[in-house]
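# What the coordinates show
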Amino acid sequence: MKTKLTTLIVALFLMTGITTLNAQISEECITTGSIFTESAKVKNWDAAKPAFEKLRNNCPNWSLALYQYGERLIKADLKKATGAEKTAIAQDLIAFLKQREQYFPAKTPKGENAADQAQILFDNKIGTTKSQFDAFDAAWKMDKASIKSPKSIYTYFKLAVELNKNNQYDLQDIFDLYDDVQNKMNEESTKLSGKLQPLLDKEEAGQKLSAKEAKRKKGYGTNLRAFGVFAGSVDSTLGQLADCPNLIQLYNKDFNAKQNDIDWIRKAAGRMAGKDCTDDPLFVQLVEQLHKLEPSAKSAQYLGILEDKRGNSAAAESYFQQAIDLELDPKEKAKSYYRLAEKSRKKGSYGKARGLYNKALAEDPSMGRCYLKIAAMYASSANNCGDSVFDKRAVYWLAASTAERAGRVSPSLAKTANGTAASYRGKAPDKSMIFTNNKGGQTIKIGCWIGSSVRVPSL
C-alpha cells in the first residue's frame, strides 16, 4: 500500500508539470520537496532553507522546482550579505546553476545559464575584467540564441570596451561586437513587439483583455522598455570610440586591403552613416564601392544620403524609394519610410509626411516615434484647421490621443508620450468651454489636411 501511494504521488507531480529525471524518487525526497515548495511559494526563505539544503544534497534530481525556487532563495541571501560572505554566496549560486544544468540539461538553456553565471561574477566583482568578459564570451559563442537578458548583453559589450581601453581588445573587434549585440537587441525587441501587438490591437478594438493577457502585456512592455534602455546604453558605452575621427582613421587605413571585402565595406559604410560621418570623402568611396560590389537597399540608401548632402532632393528621394523597393527587412524598410516622412515634414508637406509615417508603422508597428511626429503636426496645425476657436482647439484632443498611441506601441516612449499627450490636452477646450458651446459628447469633423474627426468628452 505504501509503495502504491509513493507511485501515485510521483505521478501527480509529473501530471502537474513538476518533472523529474528519475521516476524512482524516494518518498522522503517527495515529502521534503512538498515542505520546501510550500514555504518557497510564499517567499518564507528561512523556513524553506533546511528542506532546500536537504534536497540539494540528497535529492538533486527531485524536480526542476528545486532550482527555480532555490535560485530565488540564494539570491535573497545574496542581497542581504556583505563582504566575504557575499562573495561566497555568489560563488555558491554559480555552483547551483551548474548543478541545475547537470540534472536538468533539457530544461536549462546553455547560453542563458552561462550568461547568468557571468553576470553574477560581474555584479559581485569576482575575478578580473578579462575573466568576466571571457565568461560572457564563452556563453555568447556557445548559445547566443538563448540569451534573452538585455542587462547581460549590455554587460558583455561594456566589458569589451573596458578591455579595449587597456589595449586588450581590438577596435575593429569592438565594432564587430557592437553590430552583433545591436542585432541581438533588435531581434529580441522584434519578437516582444510581435507578441505585444495583438494584445494592443485587441484593446484598440475595444475588447477587454483577460487577466492572463493583461499580465503578458505588462511583461512584454517591461521587457521592451528594458531593451530600449540597454540598447541606448550600448550606444553611449561605445561613445567616443565610434566618433568620426576614429572611424575615418580606421577605415582609411584598411580601405585598400579591404575594398573588395563586401562584408567589411557594408559594415564600414553603415557605421559611418549611423554616426553621420557622411561629409568625409571616405564615405563617398565606401558607398560607391558598395553599390559597385552589391547594389542593394543599403547602397541605394547611402547614395540617397549623399545626394541629400549635395542638395539634390529629387535624386535623394529617388534613391530612398529604391532602397524601400529593394529592402526585405520590415524594420529597415520602416526606417526608410521614416526618413522620407521626415523630409516631407520639414518641408511642411504634412499630409504626405503622415502617409509616409503610416507606411513606416505598417512595416514596423512598434515605431512609436511616428505617432509622436504625427501628433506634433496635428498640434502645430490647430490654428489652421477649424471654423471656430472651439473646433481649432479640439484638434489638440486628436493630437493627444495620437501621442498616447506612441507609448502603447513602444513602451520605452511611454513617459514622453504621456507627458506630450497631457500637454496637448491642456490646450484643448476645458469643461467650461465645452458647456458654454454645448458640445459635450459631440463628434467634430476636422478639415484641412488632417481630414479626421474627434469626439468631445461628455460632461
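Structure report, in brief. (Residues numbered from 1 in each chain as written. Predicted model: local features only at pLDDT ≥ 70, side-chain atom pairs only at ≥ 80, totals over all residues. Heavy atoms only, no water.)

Take the overall build of the chain next. From N to C terminus, the chain includes 21 helices and two strands. Each principal axis of the C-alpha atoms in the chain carries an extent, and together these give about 85 × 70 × 40 Å. The buried share among the 459 residues of the chain stands at 45%. Surface summary for the chain: the accessible area is close to 23,600 Å², and the carbon and sulfur share equals 51%. Between the averaged position of the 69 positive side-chain charges in the chain and that of its 52 negative side-chain charges there is a distance of 7 Å. (Helix = DSSP H or I, 4+ residues; strand = E, 2+ residues; numbered from the N terminus. Buried < 20%, exposed > 50% of the residue type's maximum accessible area, 1.4 Å probe, protein only. Areas by Shrake-Rupley, 256 points an atom, 1.4 Å probe, with all protein chains shown as cover. Lys, Arg positive; Asp, Glu negative; His and termini not counted. Charge placed at Lys NZ, Arg CZ, Asp CG, Glu CD.)

This next bit is on the layout of surface pockets. Estimated volume of the second largest pocket: approximately 410 Å³. Looking at the lining of the second largest pocket, the elements that each hand over two or more residues are helix 4 (65-80), helix 5 (83-103), helix 6 (110-123) and helix 8 (150-165). If you tally residues by element for the lining of the second largest pocket, the top one is helix 6, at five residues. Across the lining of the second largest pocket, the residue classes break down as four nonpolar, four polar and nine charged. (1 Å grid on protein atoms, 1.4 Å probe; cavity = no way out; pocket = protein on both sides within 12 Å on 5 of 7 lines; lining within 4 Å. Points joined across faces, edges and corners; volume = space filled by probe spheres on them. Nonpolar A, V, L, I, M, F, W, Y, C, P; charged D, E, K, R; others polar.)

Let's shift gears to the nonpolar core. Ranked by size, the top nonpolar core spans 103 residues in total, and within it Phe 157, Ile 174, Phe 175, Val 181, Tyr 251 and Leu 286 carry the most contacts. Not counting the four nearest positions on each side in its chain, Ile 174 is found in contact with Phe 157, Ala 160, Val 161, Asn 164, Tyr 169, Leu 238 and Leu 241. Core analysis: the second largest hydrophobic core is formed by 31 residues, Ala 40, Ala 48, Phe 52 and Ala 81 among them. (Core = buried A, V, L, I, M, F, W, Y, C linked by side-chain atoms within 4.5 Å. Contact = heavy atoms within 4.5 Å.)

Following both chains from N to C, one finds helix 7 (residues 129-143) and helix 8 inclined at 135°, their axes separated by 9 Å at the closest point. Judged by the angle between their axes, helix 7 and helix 8 are oblique. In this structure, helix 7 crosses over helix 8, and the sense of that crossing is left-handed. Contacts between helix 7 and helix 8 involve Thr 129, Lys 130, Gln 132, Phe 133, Phe 136, Asp 137 and Trp 140 from the first element and Ser 152, Ile 153, Thr 155, Tyr 156, Leu 159, Ala 160, Glu 162 and Leu 163 from the second. Broken down by class, the residue content of the contact of helix 7 with helix 8 amounts to eight nonpolar, four polar and three charged. (Axes fitted to C-alpha atoms, helices over the stretch in contact; angles between N-to-C directions. Parallel < 35°, antiparallel > 145°, perpendicular 65-115°, else oblique. Left-handed = near helix turned anticlockwise from the far one by under 90°.)

For the coordinates displayed, the defined rule picks out three disulfides. Across the disulfide from Cys 29 sits Cys 59; the S-S distance is 1.9 Å. Judged by the torsion about the S-S bond (-75°), the Cys 29/Cys 59 disulfide is left-handed. With Cys 29 in helix 2 (residues 27-40) and Cys 59 in the loop between helix 3 (45-58) and helix 4, the pair connects residues that are 30 residues apart, well separated along the chain. A relative accessible area of 9% means that Cys 29 is categorised as buried. (Disulfide = S-S within 2.5 Å.)

Because side chains alternate across strand 1 (residues 443-446), one face comprises the buried residues Ile 444 and Ile 446, and the other comprises Thr 443 and Lys 445, none of which is buried. Strand direction decides the pairing type here: strand 1 and strand 2 (residues 452-455), joined by four bridges, are antiparallel. Across the sheet, Ile 444 pairs through a bridge with Val 454, a residue of strand 2. Two successive antiparallel strands, strand 1 and strand 2, enclose a turn made up of five residues, where Cys 448 displays a positive phi of approximately 45°. (Pairing = 2+ DSSP bridges.)

Let us look at unusual backbone geometry. Positioned with a positive phi, Lys 43 is a non-glycine residue whose angle comes to about 60°. The topology assignment puts Lys 43 in the loop between helix 2 and helix 3. Relative accessible area serves as the criterion here: at 63%, Lys 43 is assigned to the exposed category.

Scanning the model with the defined rule gives 36 salt bridges in all. Taking the shortest distance from any N to any O, the salt bridge between Arg 405 and Glu 204 comes out at 3.9 Å. Taken together, the residues Arg 405 in helix 19 (residues 389-409) and Glu 204 in helix 9 (residues 171-204) connect sequence positions 201 residues apart. On the accessibility criterion, Arg 405 (31% relative accessible area) is partly exposed. Assessed through its relative accessible area of 41%, Glu 204 is described here as partly exposed. Ionic contacts of the salt-bridge type, sharing partners, join the residues Lys 148, Lys 184, Glu 187, Glu 188 and Lys 191 into one network. (Salt bridge = Lys/Arg side-chain N within 4 Å of Asp/Glu carboxyl O.)

On to the packing of aromatic side chains. Summed over all chains, the structure comprises 19 aromatic pairs. Judged by centre distance (5.7 Å) and plane angle (40°), the ring pair of Tyr 154 and Phe 230 falls under tilted. Residue Tyr 154 is located in helix 8, and its partner Phe 230 is located in helix 10 (residues 211-238); the two are separated by 76 residues in the primary sequence. Each ring, one from Phe 283 and one from Tyr 302, has its centre 6.0 Å from the other, and the planes form 70°; the classification is edge-to-face. Of this pair, Phe 283 sits in helix 13 (residues 281-293) while Tyr 302 is found in helix 14 (residues 297-309), placing the two residues 19 residues apart along the sequence. No difference in accessibility class separates Phe 283 from Tyr 302, as the two residues are buried. Among the aromatic side chains, those forming a connected cluster through ring pairs are Phe 36, Phe 52, Tyr 67, Tyr 69, Phe 96 and Phe 104. Note that Arg 369 overlies the ring of Tyr 338, its terminal NZ or CZ placed 4.2 Å from the centroid. (Phe/Tyr/Trp six-rings, centres within 6.5 Å; stacked < 30°, edge-to-face > 60°. Lys NZ or Arg CZ within 6 Å of the ring centre and 35° of its normal.)

Packed helices, taken two at a time, are described by their axes: the angle between them and the distance between them. Closest axis-to-axis distance for the helix 5/helix 6 pair is 9 Å, and the angle between their directions is 175°. When the interaxial angle is binned, helix 5 and helix 6 end up roughly antiparallel. Between helix 5 and helix 6, the contacting residues are Ala 90, Leu 93, Ile 94, Leu 97, Lys 98 and Glu 101 on the first element and Lys 110, Asn 113, Asp 116, Gln 117, Ile 120 and Leu 121 on the second. Of the residues contributing to the contact of helix 5 with helix 6, the split by class is six nonpolar, two polar and four charged.

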